[in-house]
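Here's the letter readout for the chains.
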Amino acid sequence: MGPKEFMAEAVRLATESVVNGWGGPFGAVITKDGEILARGQNRVLLTGDPTAHGEIEAIRKAIQILNPEAPSLAEDRQNASTLELVPRPEGSPDLLPERARMLMGYSLYSSGAPCPMCMSAIYWSRLDSVHFSSDLEATRKIGFDDEFQYEDFQRPLDQRKIRIEHIYPELGAQAYAAWANKPNHHPY
């Protein structure tokens, strides 16, 4: 299979989601070496879960397939999973020398341009590439406008649409200290 077939499958999943009343017209596939590893489609209306976007669903399914022993990935087996530590890419601004490989080497095809939440998940997943069919303007025209989110993220915290406060840093410091002081914490 190639890029056109991958995109056709993402669009088929998106259309199926609409026809079945599961959610918006968003489907995604994750691929590697000419094969589809995982599929996802918008299921917000089916589940009531606002994070059930096609890209997120595809990422979750890919991780389940690649980590069949999860959620019981014991520390001694983490390097045999997507948590395997790999050197940071050359030129990366990352401060740590290694991170978990996650979905490095895989690509995502989506029926529409990923929203900010999905893009964050894509970055955290370390996918190599993202390909989409309908752009942000086409997505806005059918009632899914993410532009305000991109704009809001650029504002100082005290000027954002949602109230965001930095409170009780001494409490949060306890959990951060537990992580920092754990000798075998696994960076991801």
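Residues numbered from 1 in each chain as written. Predicted model: local features only at pLDDT ≥ 70, side-chain atom pairs only at ≥ 80, totals over all residues. Heavy atoms only, no water.

(A) Region of interest: the overall build of the protein chain. Looking only at helices and strands, one finds seven helices and six strands in the protein chain. Starting at the N terminus and ending at the C terminus, the protein chain contains elements arranged as α-β-β-α-α-β-β-β-α-β-α-α-α. Reported as C-alpha extents along the three principal axes, the dimensions of the protein chain are approximately 50 × 45 × 35 Å. Counting all 188 residues of the protein chain, 34% fall into the buried class. (Helix = DSSP H or I, 4+ residues; strand = E, 2+ residues; numbered from the N terminus. Buried < 20%, exposed > 50% of the residue type's maximum accessible area, 1.4 Å probe, protein only.)

(B) Quick look at the pattern of salt bridges. Applying the stated criterion to the full structure yields nine salt bridges. We note a salt bridge from Glu 16 to Arg 12, for which the minimum N-O separation is 3.8 Å. Remark: Arg 12 and Glu 16 occur in helix 1 (residues 3-19); sequence separation between them is four residues, near one turn of the helix. The partner of Arg 101 in a salt bridge is Glu 84, and the shortest N-O contact between them spans 2.9 Å. Here Arg 101 is found in the loop between strand 4 (98-100) and strand 5 (107-112), whereas its partner Glu 84 is found in the loop between helix 3 (54-66) and strand 3 (85-87), with 17 residues between them in sequence. Sharing partners across several salt bridges, the network here consists of Glu 9, Arg 12, Glu 16 and Arg 39. (Salt bridge = Lys/Arg side-chain N within 4 Å of Asp/Glu carboxyl O.)

(C) Expanded view of helix 1. For helix 1, which comprises 17 residues, the first-to-last C-alpha distance of 24 Å matches the rise-based estimate of 24 Å (1.5 Å per residue) to within 8%. By the burial criterion, the buried members of helix 1 are Phe 6, Met 7, Glu 9, Ala 10, Leu 13, Ala 14 and Ser 17. Viewed end-on, helix 1 has its buried residues packed into an arc of 155 degrees, placing them on one side of the element. Within helix 1, the exposed residues directed more than 90 degrees away from the buried face are Lys 4 and Val 19. Remark: Gly 21 follows helix 1 within two positions and exhibits a positive phi of approximately 75 degrees. (Expected span 1.5 Å × (residues − 1). Arc of directions from axis to C-beta.)

(D) The sheet that holds strand 5, seen in detail. One open sheet holds the four strands; their spatial order is 2-1-5-6, and the pairing between them is mixed. Each of the sheet's edge strands pairs with one partner strand only, and the pair in question is strand 2 (35-41) and strand 6 (129-134). The sheet shows a mean angle of 20 degrees between the axes of neighbouring strands, taken without regard to direction. Of the strand pairs in this sheet, strand 5 and strand 6 are connected by five bridges, and their pairing is parallel. Looking across to strand 6, one finds that Tyr 109 is bridged to His 131. (Pairing = 2+ DSSP bridges. Axes fitted to C-alpha atoms, helices over the stretch in contact; angles between N-to-C directions.)

(E) Expanded view of the packing of helix 3 against helix 4 (residues 116-125). It is at 9 Å that the axes of helix 3 and helix 4 come closest, and there the two elements cross at 25 degrees. In terms of orientation, helix 3 and helix 4 fall into the roughly parallel class. Handedness of the helix 3/helix 4 crossing: left-handed. Note on element contacts: helix 4 touches helix 3 through Met 117, Cys 118, Ala 121, Ile 122 and Ser 125, opposite Glu 55, Ile 56 and Ile 59. Here the contact of helix 3 with helix 4 is composed, by residue class, of six nonpolar, one polar and one charged. (Parallel < 35°, antiparallel > 145°, perpendicular 65-115°, else oblique. Left-handed = near helix turned anticlockwise from the far one by under 90°. Contact = heavy atoms within 4.5 Å. Nonpolar A, V, L, I, M, F, W, Y, C, P; charged D, E, K, R; others polar.)

(F) Region of interest: the side chain of Ser 17. Examined against the element boundaries, Ser 17 turns out to sit in helix 1. Exposure remark for Ser 17: the relative accessible area of 0% places this residue in the buried category. In contact with Ser 17, not counting residues within four places along its chain, are Trp 22, Gly 23, Gly 24, Gln 41 and Asn 42.

(G) Highlighting the pairing of strand 1 (residues 27-32). For strand 1, the buried fraction is high: five of the six residues fall into the buried class. Bridging between strand 1 and strand 2 involves six bridges; their strand directions are antiparallel. Directly across from Val 29, in strand 2, lies its bridge partner Arg 39. Linking two consecutive strands that pair antiparallel, namely strand 1 and strand 2, is a turn of two residues; a positive phi of about 55 degrees is found at Asp 33 within it. Bridge count for strand 1 against strand 5 is four bridges, and the pairing is antiparallel. In the sheet register, Ile 30 faces strand 5, and the bridge partner there is Leu 108.

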